[in-house]
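Listed here are the chains, written in short residue letters.
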Amino acid sequence: MTMSDPQKVTQQRNLTTASGATWLLTSGVTALICLVMLWFMRELEPIGAATTGFVTIIVLYLAMIAVRYGIANTRVRLWMLAVLAIAIAGTFITVASIIILGYES
């Protein structure tokens, strides 16, 4: 017999029953910080990397809004929001790393 453990990551409220507003809020703040930093990096080599990251983060956040209001299944919606939130951070880390490595060359 297995018992449900409410402390398990997959059983947390933000991945099971929440509305998704928390994901939009925290990802919005994260995206804003990343966009500001990418804006200041736009003239660094390789040219276009920061702009690509800038546009990608905007598209990912718009996808989060579409998922939040377009997917009825709560669990699927919340997991997709979590994946998109991670993708925003991952995009910034990747682009910033490319710019830093390009700057050192």
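Structure shown above.
First, a word on what this report is: a plain description of the structure on this page. None of these values were measured; they are calculated from a predicted model.

A few words on the overall build of the protein chain. The number of helices and strands found in the protein chain is four helices and zero strands. The order of helices and strands in the protein chain, counted from the N terminus, is α-α-α-α. Classification of the 105 residues of the protein chain by burial places 30% in the buried group. In the protein chain, the proportion of contacts linking residues at least 24 apart, taken out of those at least 6 apart, comes to 70%. About 6,800 Å² of surface is accessible on the protein chain, with carbon and sulfur atoms providing 70% of the total.

What follows covers the side chain of arginine 77. Topologically, arginine 77 is positioned in helix α4 (residues 74–104). According to the relative accessible area criterion, arginine 77 is buried, its value standing at 10%. Here isoleucine 71 takes part through its backbone oxygen, which lies 3.0 Å from a polar atom of the side chain of arginine 77. Contact partners of arginine 77, with chain neighbours within four places excluded, come to Ala18, Ser19, Val67, Arg68, Ile71 and Ala72.

Bringing helix α2 (residues 21–41) into the picture now. The end-to-end C-alpha distance of α2, which contains 21 residues, comes to 30 Å, matching closely the 30 Å that a straight helix rising 1.5 Å per residue would cover. Buried residues of α2: Trp23, Leu24, Ser27, Ala31, Cys34, Leu35, Leu38 and Met41, and no others. Along the axis of α2, the buried residues cluster in a sector spanning 110°; they form a single face. Exposed residues on α2 whose side chains face more than 90 degrees from its buried face are Leu25, Leu32 and Phe40.

On to the packing of aromatic side chains, then. Under the defined criterion, the tally for this structure stands at one aromatic pair. Seen in terms of ring centroids, tryptophan 39 and phenylalanine 54 are 6.1 Å apart; in terms of plane orientation they differ by 55°. Their pairing is tilted. Taken together, the residues span a long stretch of sequence, with tryptophan 39 in helix α2 and phenylalanine 54 in helix α3 (residues 49–70) at a distance of 15 residues. Above the face of the tryptophan 39 ring, arginine 42 is positioned so that its terminal group lies 3.9 Å from the ring centre. Across from the ring centre of tyrosine 69, 4.8 Å away, lies the NZ or CZ of arginine 68, which sits over that ring.

Two elements in contact, α2 and α3, have axes whose closest approach is 9 Å; the angle formed by their N-to-C orientations is 170°. Between α2 and α3, the angle falls in the class roughly antiparallel. Handedness of the crossing formed by α2 with α3: left-handed. Counted together, Ala21, Trp23, Leu24, Ser27, Gly28, Ala31, Cys34, Leu35, Leu38, Trp39 and Met41 of α2 and Ala50, Gly53, Phe54, Ile57, Ile58, Tyr61, Met64, Ile65, Arg68 and Tyr69 of α3 form the full contact between these two elements. The class makeup of the residues in the contact of α2 with α3 is 17 nonpolar, three polar and one charged.

The rules behind each value
- Positions within a chain are numbered from 1, following the residues in the order the chain's sequence is written.
- Local features in this predicted model are restricted to residues of pLDDT 70 or higher, and side-chain atom pairs are both shown and tallied only at a pLDDT of 80 or more, whereas totals for entire chains, interfaces and linings draw on every residue.
- Computation of side-chain values covers all heavy atoms of the structure but excludes hydrogens and water.
- Only DSSP runs of H or I reaching four residues or more are called helices, and only runs of E reaching two or more are called strands; each is numbered from the N terminus.
- Accessibility here uses a 1.4 Å probe with only protein chains present; expressed as a share of the type maximum, an area under 20% marks a residue as buried, one over 50% as exposed, and anything in between as partly exposed.
- Between two residues, a contact is recorded if the distance between any of their heavy atoms is within 4.5 Å.
- Accessible surface is estimated by sampling points in the Shrake-Rupley manner with a 1.4 Å probe; for residues, cover comes only from the protein chains shown.
- Polar contacts, as counted here, are pairs of nitrogen or oxygen atoms within 3.5 Å of one another; within protein the pair requires one atom able to donate a hydrogen and one able to accept it, and residues that are adjacent in sequence qualify only if both atoms are side-chain atoms.
- Under the convention used throughout, the expected extent of a helix is 1.5 Å for every residue step, that is, one less than its residue count.
- This arc is built from the directions going out from the helix axis to the C-beta atoms.
- The aromatic pairing rule takes the rings of Phe, Tyr and Trp, using the six-membered ring of Trp, and pairs them if the centres are within 6.5 Å, calling planes under 30 degrees apart stacked, those over 60 edge-to-face and the rest tilted.
- We count a charge as sitting over a ring when the NZ of a lysine or the CZ of an arginine lies within 6 Å of the ring centre and within 35 degrees of the ring normal.
- Every angle, taken between N-to-C directions, lies between 0 and 180 degrees, and every axis is a line fitted to C-alpha atoms, over only the stretch in contact when it is a helix.
- Comment on the angle field: the value is read as roughly parallel under 35 degrees, roughly antiparallel over 145, roughly perpendicular from 65 to 115, and oblique elsewhere.
- It is the rotation of the near helix from the far one that decides the hand of a crossing: anticlockwise by less than a right angle makes it left-handed, clockwise makes it right-handed.
- Under the scheme applied, nonpolar residues are Ala, Val, Leu, Ile, Met, Phe, Trp, Tyr, Cys and Pro; charged residues are Asp, Glu, Lys and Arg; polar residues are all the others, including Gly.

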